[in-house]
Amino acid sequence: MSREERSCDVAVVGAGLSGLRTARALSAAGVSVLAVEAQRRVGGRTYTVNLGDGLFVDHGGQWVSPGQDRIQGLARELGIGLFPSWDDGLTVHWHHGERSVATGLFREHAEKSAAALREGAAELTRLAAELPEGRPWDAPRAADWDAVTFHEWLDGQVGDPAARAGLARSLEGVFGGGPGRTSLLAALAVVRSGAHEITRLVADGDPGPERRFVGGAQQLSTRMAAELPEPVVLDAPVSAVGQDARGVVIDSRTTTVRAARAVLSPAPALTARIRYDPPLPAARDHLTQRMPMGWVIKAHCVYPERFWAREGLSGKVVSDEGAVRATADNSPPHGAPGVLVAFIEGAQARRLAPAPYEERRAAVLADLARYFGPAAAAPVSYHEWSWGDDPYTRGAYGGYLTPGVWTAYGPALTAPVGRLHWTGTETAATWNGKLEGAVRAGERTAEEVLAAL
């Protein structure tokens, strides 16, 4: 197969939210840009599947929280609407083999646990305020906080077991339950960035509903890609990046791109798979070896109607056992058909991903039937996506940092290497690990590249 040669001012590796937001901003500034994407689609860790008749499911990132202004502004510019998530009603709780329903995170008569949760969230927020924005390693107590895990801190500081579990869930949801434990400093950095549920726990009043994109989150990327003067080069995994005094050379399966500078947007663990000439500085290389991805399988079950809503349920679950320990109502804007999304995370995802499809589906439906009754065991259709098995993502929701990594290698996460610049939600100082963080990271990187050019 003959290799195509292209040239531009800036080559962007990866056509997810961060990469395309960078490309869009550079193009608007008059810079010629070419994006190269390993997948046969754009969107990165957003992935929308359209099932017909206006029904869609988001297998990847999907929610927009109050205060996420950049992604809301981008959606308006691209003509994409938002609608409130379906979350009115009671939460199903499964605890030590018993089912109950209640409002919110805790079972009935759990005032003590709720108070302990709020106290723990307030303390985490107070400690996180000591971190300089975007530079956790510069905090006065950074070394001490990076030497212990978040769970060790919880065990020592939060006596109530239910409150400990609630605080752990609020942070682990960002990382997707990886096998390694995050450091306390890493957890505080996430709290400092705002990318977690703790902001809701300490907020004065209701901050407002989570919202979703009408038609799915992947549209953000498809519409940005469509605006670029040069089409994104798809199905072109990058294998090598070279740079010298004249510029950079990007080698992919199908295309060689010569540019003045390059932006790399995949998660740090994925950028480590590329060969660099000259080699990256050791600090950057060591960082990528120590920033693994979590593992999440999202399973969508479609039903004729939102039968759980008739029973006053929100579609949410808080459980301490089973393959599925969290769910949500992912029904479309008009409310029909009904869609439940089930999250298989962390250890459960690692256990079930190698299993046959039928076994995994049966495990999901059995758990949903425990939570919502026999009707949940008979969906019209079932759809799933395992992010750990995705060859060019290798996990979700993002890379996380285990003890010692922030203080040893933190500056290497965003520091340019010669003509190479790094973006992606992991690099965001605000809303790190979220879609909003991906957009903000793209904007920051575009400013950095423009200044360098």
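Let us look at the structure shown here. Bear in mind that the values here come from a model prediction, so they are computed numbers and not experimental data. (Residues numbered from 1 in each chain as written. Predicted model: local features only at pLDDT ≥ 70, side-chain atom pairs only at ≥ 80, totals over all residues. Heavy atoms only, no water.)

**Some thoughts on the packing of aromatic side chains**
Part 1 of the argument: Tallied over the full model, the rule gives 10 aromatic pairs.
Part 2 of the argument: Between Y47 and W385, the aromatic rings sit 4.9 Å apart at their centres with planes inclined by 70°, giving edge-to-face as the arrangement. Separated by 338 residues along the polypeptide, Y47 in the loop between β2 (33-36) and β3 (48-52) and W385 in strand β18 (residues 381-386) bring together distant segments of the chain.
Part 3 of the argument: On the basis of relative accessible area, Y47 is assigned to the buried category, the value being 19%.
Part 4 of the argument: Centre to centre, the rings of Y303 and W308 are 6.0 Å apart; their planes meet at 75°, and the pair counts as edge-to-face. Note on accessibility: Y303 and W308 belong to one class, buried.
Part 5 of the argument: An aromatic cluster is present here, built from Y47, W385 and W387 joined pairwise through their rings.
Part 6 of the argument: Taking the ring centre of W422 as reference, the NZ or CZ of R284 above it sits at 3.7 Å.
Part 7 of the argument: Looking at R370, its charged tip hangs above the ring of W94, at a distance of 4.4 Å from the centre. (Phe/Tyr/Trp six-rings, centres within 6.5 Å; stacked < 30°, edge-to-face > 60°. Helix = DSSP H or I, 4+ residues; strand = E, 2+ residues; numbered from the N terminus. Buried < 20%, exposed > 50% of the residue type's maximum accessible area, 1.4 Å probe, protein only. Lys NZ or Arg CZ within 6 Å of the ring centre and 35° of its normal.)

**Section: the environment of T393**
Part 1 of the argument: Assignment of secondary structure puts T393 in the loop between β18 and α15 (405-409).
Part 2 of the argument: Distance in space between the C-alpha atoms of T393 and A38 is 9.9 Å, their sequence separation being 355 residues.
Part 3 of the argument: Not counting residues within four places of it along the chain, the set of residues in contact with T393 comprises Q39, R45, L270, M293 and W387. (Contact = heavy atoms within 4.5 Å.)

**Re the sheet that holds strand β17 (residues 338-345)**
Part 1 of the argument: Strand order in the open sheet formed by seven strands is β8-β7-β15-β16-β17-β14-β18, and the pairing between neighbours is mixed. Edge positions in the open sheet fall to β8 (98-102) and β18, since each of these has one partner strand only. Ignoring strand direction, the axes of neighbouring strands in this sheet form an average angle of 20°.
Part 2 of the argument: Where strand β14 (residues 296-303) and β18 come together, six bridges link them in antiparallel fashion. Looking across to β18, one finds that K298 is bridged to W385. (Pairing = 2+ DSSP bridges. Axes fitted to C-alpha atoms, helices over the stretch in contact; angles between N-to-C directions.)

**A look at the sheet that holds strand β5 (residues 63-64)**
Part 1 of the argument: Across the sheet, three strands lie side by side as β5-β9-β6; this open sheet has antiparallel pairing. Strands with a single pairing partner mark the edges of an open sheet, and in this sheet they are β5 and β6 (82-84).
Part 2 of the argument: Both β5 and strand β9 (residues 211-213) contribute to a ladder of two bridges, which runs antiparallel. Note that in β9 the partner of V64 across the bridge is R211.
Part 3 of the argument: Its contacts with the sheet place helix α2 (residues 69-78) against β5, β6 and β9, and it is angled at close to 35° to β9.

**Structural notes on the side chain of H421**
Part 1 of the argument: Inspection of the secondary structure puts H421 in strand β19 (residues 420-422).
Part 2 of the argument: On the basis of relative accessibility, which here comes to 2%, the residue H421 falls in the buried class.
Part 3 of the argument: Of note is the side chain of H421, whose polar atom sits 3.1 Å from the side chain of R261.
Part 4 of the argument: A polar side-chain atom of H421 sits 2.7 Å from a polar atom in the side chain of E448.
Part 5 of the argument: If we ignore the near neighbours within four places in the chain, the residues touching H421 are R261, A262, V263, L264, P416, T445, E448, V449 and A452. (Polar contact = N/O pair within 3.5 Å; in protein donor to acceptor, adjacent residues only side chain to side chain.)

**Let's talk about the pairing of strand β16 (residues 326-329)**
Part 1 of the argument: Relative to β16, strand β15 (residues 313-319) runs antiparallel, the two being bridged by two bridges. In the sheet register, V317 faces β16, and the bridge partner there is T327.
Part 2 of the argument: Between the antiparallel neighbours β15 and β16 lie six residues, among them G322 with a positive phi of about 100°.
Part 3 of the argument: Direction of pairing for β16 relative to β17: antiparallel, over a ladder of four bridges. By the bridge assignment, T327 is partnered in β17 with A342.

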